[in-house]
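Given next are the chains, with one letter for each unit.
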Amino acid sequence: MTEPVAIAEAYIAAWNERSAPARQEKLNAHWAGSAAYRDPQVRVEGLDAIDTLIAGVQERFPGFQFALKPTANGYDGVVRLAWTLGPAGGAAPIEGSDVLVLADGKIKDVIGFLDKVPQ
């Protein structure tokens, strides 16, 4: 998996997956085992910690879904994407952008930015 859009779609799919076993399958398929995630609010390392983080975001924002904003792009093992988080079919109160660093075609590091957060 080396196309930036496909990588971005797989990344968002993991964040939207509510079934823990299915989410773990997505993480194992598309993320490196030693992957790390960081944004202004959190820093975690390893797939178990990333899975726990995703579950926590889903619990904090029930009924919300991530959506990929057009258009993800990248080069040389780096993917840049923007996303929204909000209720399905409604206005998204949260927006962000992430930079994914790849290793052997899998997500190794994520640097996240929160671009719009309700006050």
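Keep in mind that this is a model prediction, so the values were computed, not measured.

This part covers the pairing of strand β5 (residues 94-103). Taking every second residue as pointing to the same face, the buried face of β5 carries I94, G96, D98, L100 and L102, while none of E95, S97, V99, V101 and A103 on the other face is buried. Bridge count for strand β4 (residues 78-87) against β5 is eight bridges, and the pairing is antiparallel. Of the residues in β5, the one forming a bridge with W83 is G96. Hairpin remark: β4 followed by β5, antiparallel, with six residues in the connecting loop; positive phi at G89, about 80°. Across nine bridges, the pairing between β5 and strand β6 (residues 106-116) is antiparallel. Paired with E95 across the bridge in β6 is K116.

All right, on to the sheet that holds β4 then. Strand order in this open sheet of six strands is β2-β1-β6-β5-β4-β3, and the pairing throughout is mixed. Looking at strand neighbours, the two that pair on one side only are β2 (42-45) and β3 (64-75), the edges of this open sheet. Adjacent strand axes in the sheet meet at a mean angle of 20°, parallel and antiparallel pairs treated alike. Note: β3 against β4, nine bridges, orientation antiparallel. By the bridge assignment for β4, A67 is matched with T84. Helix α1 (residues 4-16) contacts β1 (31-39), β3, β4, β5 and β6 of the sheet and is inclined by roughly 160° relative to β3. Its contacts with the sheet place helix α2 (residues 20-30) against β1 and β6, and it is angled at close to 105° to β1.

Here we come to the nonpolar core. If you look at the biggest cluster of nonpolar residues, it comprises 27 residues, and the most contacted ones within it are Y11, W15, W31 and L81. Those elements that provide at least two residues to this core are α1, β1, α3 (47-60), β3, β4, β5 and β6. Of all the elements, α1 adds the most residues to this core, at six residues. Residues contacting W15, with those up to four places away along its chain left out, are W31, Y37, L53, I54, V57, Q58 and F66.

Thresholds, definitions, all that
- Residues numbered from 1 in each chain as written.
- Predicted model: local features only at pLDDT ≥ 70, side-chain atom pairs only at ≥ 80, totals over all residues.
- Heavy atoms only, no water.
- Buried < 20%, exposed > 50% of the residue type's maximum accessible area, 1.4 Å probe, protein only.
- Helix = DSSP H or I, 4+ residues; strand = E, 2+ residues; numbered from the N terminus.
- Pairing = 2+ DSSP bridges.
- Axes fitted to C-alpha atoms, helices over the stretch in contact; angles between N-to-C directions.
- Contact = heavy atoms within 4.5 Å.
- Core = buried A, V, L, I, M, F, W, Y, C linked by side-chain atoms within 4.5 Å.

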